[in-house]
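Descriptive analysis of the structure
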Amino acid sequence: MTTSNRLRSGNVSAPETGVSVYEAIHNRRMNNDFSDAVPDRDALRRMLDAAVWAPNHRLTNPWRFYVLEKGGEKRAQVAQLAYDNLFARSGNHEHADGSRQRVLDAPALIYVYSVPGDSEELTQENYAAACCAVQNLLLAAVAEGLAGDWSTGNTTRHPQLAETLGGESDWTMVGALFIGQPSRPSASVRAPADEVTAWLS
Ligand SMILES: Cc1cc2nc3c(=O)[nH]c(=O)nc-3n(C[C@H](O)[C@H](O)[C@H](O)COP(=O)(O)O)c2cc1C
């Protein structure tokens, strides 16, 4: 990775949006029910641009993103890996085919990895930063009128996946992000912060 082209936070302008940070946080519900519309490449770029401004101890830029174009050859290869992985585990053609189809059908699909550091501690920090990057990306998706589904399920688990995408076998899988225009609202639940917070003096 070259170091000559670093972005400076003071020089980067945020895209215009009418969505507040709090609205994006509360409206970012996992959703895998999409219309057929394929998200605009510029919108995906803005989301990725937001992702890389996640907190990042030691500024290691540990995230790696693979955007798999719908209908593309790489998408088909990854879909086949999803099929193979599930079929090997379950022997169930129908389930395996469902997993393959999920990869093929996603309006947009981004695989995210984090790279290892020089120690276990750094590798963990890198993974934490990459998770923050995913959250940035998913919040930006809300601002773009999109929704996402973060998965670490079958479609991320084939041992050959990282190399098929162009990565390394020792990278940590952060998740597959299925992204599109939501065709229905999605809801969720949480314990209130008061239940899990101690105010100490
Ligand atoms: C690291 C991580 C991995 C996840 N993997 C999956 C997954 O494999 N399958 C899935 O259905 N959801 C997955 N999710 C999504 C969560 O299940 C989802 O966030 C949860 O249901 C709460 O929904 P909400 O975020 O809309 O409140 C994952 C989320 C995270 C943070």
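Look up: the structure comes first, before these words.
Okay, the site of the ligand next. Neighbouring the ligand are Arg29, Met30, Trp150, Ser151, Thr152, Gly153, Gly175 and Ser188. Residues that form the shell around the ligand fall into these classes: two nonpolar, five polar and one charged.

Here we take up helix α5 (residues 120–143). Helix length check: α5 (24 residues) gives 35 Å between terminal C-alpha atoms against 34 Å at 1.5 Å per residue, within 8%. Directly beyond the C-terminal end of α5, a positive phi value near 80° is found at Gly145.

Turning our eyes to something else, we now look at helix α2 (residues 41–51). Taken as a whole, α2 has its buried residues at Leu44, Met47, Ala50 and Ala51. The buried residues of α2 occupy an angular sector of 120° when the element is viewed end-on, so they sit on one face. Among the exposed residues of α2, those oriented more than 90 degrees off its buried face are Arg41, Asp42 and Arg45. The elements touched by buried residues of α2 are β1 (63–67), β2 (108–114) and α5.

Quick notes on the rules
Residues numbered from 1 in each chain as written. Predicted model: local features only at pLDDT ≥ 70, side-chain atom pairs only at ≥ 80, totals over all residues. Near = placed C-beta within 6 Å. Nonpolar A, V, L, I, M, F, W, Y, C, P; charged D, E, K, R; others polar. Helix = DSSP H or I, 4+ residues; strand = E, 2+ residues; numbered from the N terminus. Expected span 1.5 Å × (residues − 1). Buried ≥ 20, exposed ≤ 12 C-beta atoms within 10 Å, placed from the backbone. Arc of directions from axis to C-beta. Contact = placed C-beta atoms within 7 Å.

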